Amino acid sequence: MPALKVVLHLSCQPWGGDGGRDGAPPPVLHSVICAGSLVPECWFTRSRGGGWLVSGFATGSYAVALAAMPRELLLSAFLRQLAAALPGATVEGLRGSLLHSTIFDWAAQPYIRGGYSAPSTSELPDARALYRKPEVGGRIVFAGEATEEAMMTMNAAIDSGRRAAAELLSGALAARLGGAADKPVSASGLTTPVRARL
C-alpha cells in the first residue's frame, strides 16, 4: 500500500491557546484526524532538540495524490490545512516557525516500495498465517508487520523479526541435532546460550 509522510519541524507549538482555557486545546496534543482533508492524519510531538514535530501521514490514494504534487505546493497545502484545523494557528505563523521539512514517500523507495499492510474485506481469515509460513524446510522464513495478526504497527514488525529469528534458530538447532528440535525456540529465548549451542 502506498504511504507518505510529511514532517515539519517547527520552532514553537503549532496551535495557539493558553493551556486549555477558553476552549483551546491543552499544551499536549497527540493527533488530529482530518477526514476528507489532503493529509488525513497528523501527529504532534515535542522535538528533542527543541520545538515541535508535526507528522502528516497518508496511505492509499491519498498518498498517491500527495506524491504527485510538487514539494512546495504540498507543503503550502499542508500548512493551510493545519492553520484551518488548529485553534490559533495561522499559515503565516506556521511558515514563520518552520525550521525544516521533509517528505518521505515509501512507495518511491526501491527496497521498500510501500507502507504498511491493511486487511481487505476479501482477505482470507488465515491469510497472515499463510504469509509467515516458513518455506524450503524452514530455511526461508518471512518477517514484516504484514505477517502478524496485529499488523499495521511497528510492534508487529519487531515481533515478526523476533519470531522469524526464533524459527531460523529452531531450524538450525534441529539440523545440528540431526532431527527436530525438542521444542521450538521462542522469541524470548533469543539468548546467548541458545546461539552458543549452534
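Because the structure is a prediction, the values reported are computed rather than measured.

S.K.: Describe helix α5 (residues 154–177), listing the residues and the values that go with them.
M.R.: Compared with an ideal rise of 1.5 Å per residue, which puts 24 residues at 34 Å, α5 spans 35 Å between its outermost C-alpha atoms and is within 8% of the ideal. All buried positions along α5 are accounted for by A156, S160, R163, A164, A166, L169, S170, L173 and A174.

S.K.: Any details on a nonpolar patch on the surface? Residues and values, ideally.
M.R.: Taken together, the side chains of F104, Y111 and I112 make up a nonpolar region of the molecular surface, amounting to roughly 380 Å² of accessible area. For Y111, a relative accessible area of 82% translates into the label exposed.

S.K.: Explain the environment of W52 residue by residue, including any values.
M.R.: Counting through the fold element by element, W52 comes out in strand β4 (residues 52–59). Taking the relative accessible area as the measure of exposure, W52 reaches 5% and is therefore buried.

S.K.: Describe unusual backbone geometry, with residues and values.
M.R.: Backbone geometry at V136 places phi at a positive 50°, although glycine is not the residue there. Along the chain, the position of V136 falls in the loop between α4 (127–131) and α5.

Rules and cut-offs
Residue indices follow the written sequence of each chain, beginning from 1 at its first position. Predicted model: local features are reported for residues with pLDDT of at least 70 only, side-chain atom pairs are reported and counted for 80 or more only, and whole-chain, interface and lining totals are derived from all residues. Each side-chain value is worked out from all heavy atoms of the structure, with water and hydrogens disregarded. Each helix corresponds to a stretch of at least 4 residues labelled H or I by DSSP, and each strand to a stretch of at least 2 residues labelled E; elements are numbered beginning at the N terminus. The length a helix should cover is 1.5 Å for every residue beyond the first. Classification of residues uses two cut-offs on accessible area relative to the type maximum, computed with a 1.4 Å probe and protein chains only: under 20% is buried, over 50% is exposed, and between them is partly exposed. What goes into a patch is any residue over 30% in relative accessible area without a salt bridge, connected to like charges within 9 Å or, for nonpolar side chains (Val, Leu, Ile, Met, Phe, Trp, Tyr), within 5 Å. In short, Shrake-Rupley with a 1.4 Å probe defines the accessible areas, and a residue's cover is counted only from the protein chains shown. In what follows, salt bridge is the name for a side-chain nitrogen of Lys or Arg lying within 4 Å of a carboxyl oxygen of Asp or Glu.

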